[in-house]
Amino acid sequence: MLGFPEYSAQAKGLARAAGLNFAEIEVHHFPDGESRIRLPEHLPETVFICRSLNQPNEKLIELILAVSSARELGARKITLVAPYLAYMRQDKAFHPGEAVSQKIVGNLLATFFDALITVDPHLHRVHRIEDAVPIPLALTLSATTAMSSYLEGKLEKPILIGPDEESEQWVAAIAQQNDLEFYVARKLRFGDRDVSVSLPNADYRERHVVFVDDVISTGRTIESAIKEIQPYQPASITVMVTHALFAGDALKRLKIAGANEIWSTDSIPHPTNRIELAGCLAQKLMAL
Ligand code: R5P
């Protein structure tokens, strides 16, 4: 298992859970912005490269340098473990002339890697990961099992809410595992930072409310949902998210809006990380 420095703790944890040796990839950034990558001199035939692809542009180039060098150094089967997979949302040209990034980045990864493991990729119109990344073996796993276990026993009879239709799959899975009540809100998006969420009618008063989503980027979705729930005076407001992108002032906005707790998985390193994915990723990886 090879890991990049900014994701070393998670990659090391995954290697430990899967019983693999670990080595950190050395990355040097030259003053002109180019990167130099250095791998261990001798590599076995099977290699995993672990890197989450938030803030992806520079990371993608370094990943290509690493996987190409790994082949030169003896690796034959190389699996990318990318808990967060970038560029999955732009799955069509919304305006004439726009790049269909999902297809381009998916093809790029498929050119260099033999297999891919990722967590809850944000797929919309393209439903299957193998259609987004046409690679011989593409596996996804859901963070909902780890999230359910983390939630268990933390709050008394919480109500789970997904902020939009897409979140139903995750909120329903967590609710089912813990036998909890759940609702799905409706979302209207007018722009990157302009979102309005309307909650279904329910008795949220004095209840512990947990918002569940796969991604928090600008935080506007959850911020709007929190503002909508406040008039019901819930006992507490918790936010549970898989991929903690938290762009700009997102975290601050959620705290100001009234989030008492924010729990994220470690798919992306962030101060809100509470839920480790190493266990479920290792199971997937050992089943390869
Ligand atoms: C959208 O479909 C996703 O599930 C998230 O709700 C969305 O990406 C969150 O974005 P933001 O934090 O920028 O509102």
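Check the entry above for the structure.
Residues numbered from 1 in each chain as written. Predicted model: local features only at pLDDT ≥ 70, side-chain atom pairs only at ≥ 80, totals over all residues. Heavy atoms only, no water.

## Structural notes on the sheet that holds strand S16 (residues 273-275)
Think of a sheet as strands paired side by side through backbone hydrogen bonds, with each pair either parallel or antiparallel. The six strands lie next to each other as S10-S9-S13-S14-S15-S16, forming an open sheet whose pairing is parallel. Two strands in the sheet have a free side with no partner beyond their single neighbour: strand S10 (181-184) and S16. If you compare each strand with its neighbour and ignore which way they point, the axes differ by 30° on average. The sheet contact formed by strand S9 (residues 159-162) and S10 spans four bridges and is parallel. Paired with Gly 162 across the two strands is Val 184, which belongs to S10. (Pairing = 2+ DSSP bridges. Helix = DSSP H or I, 4+ residues; strand = E, 2+ residues; numbered from the N terminus. Axes fitted to C-alpha atoms, helices over the stretch in contact; angles between N-to-C directions.)

## Brief notes about the packing of aromatic side chains
In this structure the tally under the stated criterion is three aromatic pairs. Taking the centre distance of 5.1 Å and the plane angle of 75° together, the rings of Tyr 150 and Trp 263 count as edge-to-face. One end of the pair, Tyr 150, is in helix H5 (residues 144-151); the other, Trp 263, is in strand S15 (residues 261-265), with 113 residues separating them in the sequence. Residue Trp 263 is classed as buried on the basis of its relative accessible area, which comes to 5%. With a centroid separation of 4.8 Å and an interplanar angle of 85°, the aromatic rings of Tyr 204 and Tyr 232 are classed as edge-to-face. Pair noted here: Tyr 204 is in the loop between strand S12 (194-198) and strand S13 (208-216) and Tyr 232 is in the loop between helix H7 (220-229) and strand S14 (236-244), with a separation of 28 residues, a long-range link. (Phe/Tyr/Trp six-rings, centres within 6.5 Å; stacked < 30°, edge-to-face > 60°. Buried < 20%, exposed > 50% of the residue type's maximum accessible area, 1.4 Å probe, protein only.)

The values reported here are purely geometric and, on their own, carry no functional implication.
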